[in-house]
Amino acid sequence: MLIPVLPLYITSLGASRLELGLIMATLPATSIIARLPFSVLSSRVGRWPIAISALLLQLLAYLLFYIAPSNVWLYPVSALYGLAVSSFGPCAIAIALDSAPFGKKGIVMGRFYAAIGAAMILGPLLTSLLTFCLEYSSVFLFASALPAVGLSTFLLLGGLTLLRRASLTSLVADREGGSPLTSLRRILSQRNIAILSASSVTFFIALGAFETMFPVYAKDDLQLRSFQVSLLFAARGIPNAVSRIPSGAWSDKVGRRLPLIFSYSLTCLALFLISMVDDVLILMLLLGLYGLAWGARTAPSAALYSDNVSPVDTGMVSTLIWLTSDIAMAIGSSLAGALSLILPTPMILRVAAILVLPGLLGIMMIHEAEAERLHPKIHPKTGSRV
């Protein structure tokens, strides 16, 4: 819900485009600092307790966004929201990865990310309806009902028992895996993970630049109304969500690299073409292609991370997945804000498209056979390695 309207809300409170870039960068910057501490904490108290605490922080952040009197107020509120994001995401991914057997991680992660993809459709659609007749700030008030409903449902369905059980399981896994630094060293020693992380940075730099500048560009330069901007983001969300399960299943059959090559190539093409058109219908089509590219990347990327680590490192690798996106989103938002002083927005989008190309080259250098040494395939009848 927030992605289409947050840049518009920030500028409506008097922020310049440079300040817009800085405020938008505050959220991922906070996440960068908080990811690893939250990962350590989740290994001590369990993943579910941290995830539920994140919903409480999210609820508080939405209410503070709603009552913000000036754009200066948005710096600490964005930092608070960053704490919620940084604590929730890795725990959720780790829980999903733990449930996925090797050989089916692509399809399982596709289902998990499809839920996020569905939110990327419903969120902008709901924002479009709200901004059609209400002020920007009202979006945050309505959004605060979502974590409240989630918390209430969790408690009503006996979530307290789940919290205690999850904590015990997490402590056992923590003892087996050693210290967080040991886990991190094991993960970063894997060549595929180093390459994938670097490639992910290029993808999310482009995404950070796009999500910072495009809503303002669409409203001010293309003269679209706020609800139309939200509808464009919904158009991106539909193929994003729909493609996640098929791309995960596809990667289980043909390997992770081919879907990722397709994704990065399409991302570069879509961003470049978006910068060159101003027709709303064509923009909707191109944003759909961008969403398709994003969705095709998500499940194979998470599965490739998991393929290259042992099960005891699942929690840390899920943190690394989010950390690389945080760093890149912060860079992308800041870079877009700075470039806005000397370049028009279409040129900034073209720069973002070009930045994806090194990531595409990195994906081509991945050797998937290395993952099989950590997760050898087992013959279903004989029980021997294949």
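As the structure is a computational prediction, the values presented were derived from the model and not from experiment. (Residues numbered from 1 in each chain as written. Predicted model: local features only at pLDDT ≥ 70, side-chain atom pairs only at ≥ 80, totals over all residues. Heavy atoms only, no water.)

Trainee: Any details on the overall build of the protein chain? Residues and values, ideally.
Mentor: A count of helical and extended segments in the protein chain gives 16 helices and zero strands. Considering the protein chain as a whole, with its 386 residues, one finds that 55% of them fall into the buried category. Only carbon and sulfur atoms are counted for the fraction: they give 71% of the accessible area of the protein chain, which is about 16,400 Å². (Helix = DSSP H or I, 4+ residues; strand = E, 2+ residues; numbered from the N terminus. Buried < 20%, exposed > 50% of the residue type's maximum accessible area, 1.4 Å probe, protein only. Areas by Shrake-Rupley, 256 points an atom, 1.4 Å probe, with all protein chains shown as cover.)

Trainee: Quick rundown of the packing of helix H11 (residues 226–254) against helix H13 (residues 280–307)? Include the residues and the values.
Mentor: Across the interface, H11 lies against H13 with an axial gap of 6 Å and an inter-helix angle of 30 degrees. With respect to their mutual orientation, H11 and H13 come out roughly parallel. Where H11 crosses over H13, the two elements pack in a sense that is right-handed. The class makeup of the residues in the contact of H11 with H13 is 13 nonpolar, nine polar and two charged. (Axes fitted to C-alpha atoms, helices over the stretch in contact; angles between N-to-C directions. Parallel < 35°, antiparallel > 145°, perpendicular 65-115°, else oblique. Left-handed = near helix turned anticlockwise from the far one by under 90°. Nonpolar A, V, L, I, M, F, W, Y, C, P; charged D, E, K, R; others polar.)

Trainee: Provide a residue-level description of a nonpolar patch on the surface, including the pertinent values.
Mentor: Together, Leu63, Tyr66, Ile67, Trp73, Leu134, Leu141 and Phe142 line one region of the surface with nonpolar side chains, adding up to about 610 Å² of accessible area. Listing elements by their share of the nonpolar patch, those giving two or more residues are helix H3 (47–67) and helix H6 (136–143). Here the nonpolar patch takes three residues from H3, the largest share from any one element. Positionally, phenylalanine 142 belongs in helix H6. In this structure phenylalanine 142 comes out as partly exposed when scored by relative accessible area, which is 44%. (Patch = residues over 30% accessible without salt bridge, like charges linked within 9 Å, V, L, I, M, F, W, Y side chains within 5 Å. Salt bridge = Lys/Arg side-chain N within 4 Å of Asp/Glu carboxyl O.)

Trainee: An account of the pattern of salt bridges is requested, with residue identities and associated values reported.
Mentor: Applying the stated criterion across every chain, the model contains five salt bridges. Across the salt bridge formed by aspartate 221 and arginine 17, the nearest N and O atoms sit 3.9 Å from each other. Here the residue aspartate 221 occupies a position in the loop between helix H10 (191–220) and H11, and arginine 17 occupies one in helix H2 (residues 17–45), the gap between them amounting to 204 residues. Take aspartate 221: its relative accessible area is 42%, and that puts it in the partly exposed class. Exposure remark for arginine 17: the relative accessible area of 26% places this residue in the partly exposed category. Three or more residues are tied together by salt bridges with common partners; here these are Arg17, Asp220 and Asp221.

Trainee: Any details on the packing of aromatic side chains? Residues and values, ideally.
Mentor: Aromatic ring pairs are defined here through the distance separating the ring centres and the angle between the ring planes. Under the counting rule described, the total for this entry stands at 15 aromatic pairs. Considering the side-chain rings of tryptophan 48 and phenylalanine 154, the 5.5 Å spacing of their centres and the 25 degrees angle between planes classify their relative orientation as stacked. Of the two residues, tryptophan 48 sits in helix H3 while phenylalanine 154 sits in helix H7 (residues 145–156), which places them 106 residues apart along the sequence. Centroid distance phenylalanine 214 to phenylalanine 233: 6.2 Å. Interplanar angle 65 degrees. Geometry classified as edge-to-face. Here phenylalanine 214 is found in helix H10, whereas its partner phenylalanine 233 is found in helix H11, with 19 residues between them in sequence. Note on phenylalanine 214: relative accessible area 0%, which makes it buried. A cation over a ring is seen here: arginine 297 above phenylalanine 203, with NZ or CZ 4.9 Å from the ring centre. (Phe/Tyr/Trp six-rings, centres within 6.5 Å; stacked < 30°, edge-to-face > 60°. Lys NZ or Arg CZ within 6 Å of the ring centre and 35° of its normal.)

Trainee: So what's going on with H13? Which residues, and what values?
Mentor: For H13, which comprises 28 residues, the first-to-last C-alpha distance of 41 Å matches the rise-based estimate of 40 Å (1.5 Å per residue) to within 8%. With respect to burial, H13 is a largely interior element, 21 of its 28 residues being buried. Of the residues flanking the start of H13, the one acting as N-cap is aspartate 279, its side-chain oxygen 3.1 Å from the backbone nitrogen of leucine 281. (Expected span 1.5 Å × (residues − 1). Polar contact = N/O pair within 3.5 Å; in protein donor to acceptor, adjacent residues only side chain to side chain.)

Trainee: Give a detailed account of H11, specifying residues and quantitative values.
Mentor: Its 29 residues place the ends of H11 41 Å apart at the C-alpha level, agreeing with the 42 Å of an ideal helix rising 1.5 Å per residue. Arginine 244 marks the point of greatest bend in H11, at about 35 degrees, and the proline proline 246 comes within the next four residues. Looking one or two residues beyond H11, the residue adopting positive phi is glycine 255, at roughly 100 degrees. (Bend = angle between axes of the 7 residues up to and from the residue.)

Trainee: Could you give me a rundown of the side chain of aspartate 307, with the residues and numbers involved?
Mentor: In this structure, aspartate 307 sits in helix H13. Under the relative-accessibility criterion, aspartate 307 is labelled buried at 5%.

Trainee: I'd love a proper account of the environment of alanine 96, names of residues and values included.
Mentor: As for its placement among the helices and strands, alanine 96 is situated in helix H4 (residues 74–98). The contacts of alanine 96, once residues within four sequence positions are left out, are Val108, Met109 and Phe112. (Contact = heavy atoms within 4.5 Å.)

Trainee: So what about the environment of serine 144? Which residues, and what values?
Mentor: Turning to its location among the elements, serine 144 is positioned in the loop between H6 and H7. By relative accessible area, which is 8% here, serine 144 ends up buried. Considered as a pair, serine 144 and leucine 55 are 89 residues apart in the sequence and their alpha carbons are 9.8 Å apart. Leaving out residues up to four positions away in the same chain, serine 144 has contacts with Leu59, Tyr62 and Leu63. Here the side chain of serine 144 touches leucine 141 through a polar contact of 2.5 Å, landing on its backbone oxygen.

Trainee: Which residues make up unusual backbone geometry, and what are the values?
Mentor: The backbone phi angle of glutamine 223 is positive, close to 60 degrees, even though this residue is not glycine. Looking at the secondary structure, you find glutamine 223 in the loop between H10 and H11. According to the relative accessible area criterion, glutamine 223 is exposed, its value standing at 61%.

Trainee: Please set out the side chain of threonine 324 residue by residue, giving values where relevant.
Mentor: In this fold, threonine 324 is placed in helix H14 (residues 314–339). Those residues in contact with threonine 324 that sit more than four places away from it in its chain are Ser197, Ser200, Val201 and Tyr305.

Trainee: Help me get a handle on the packing of helix H1 (residues 2–12) against H2, residues and values and all.
Mentor: Two elements in contact, H1 and H2, have axes separated by 10 Å at closest approach and are oriented at 130 degrees. Looking at the two axes, H1 sits oblique to H2. The chirality of how H1 crosses H2 is right-handed. Contacts between H1 and H2 pair Leu6, Pro7, Ile10 and Thr11 from the former with Leu20, Ile23 and Met24 from the latter. Here the contact of H1 with H2 is built from residues that sort into six nonpolar, one polar and no charged.

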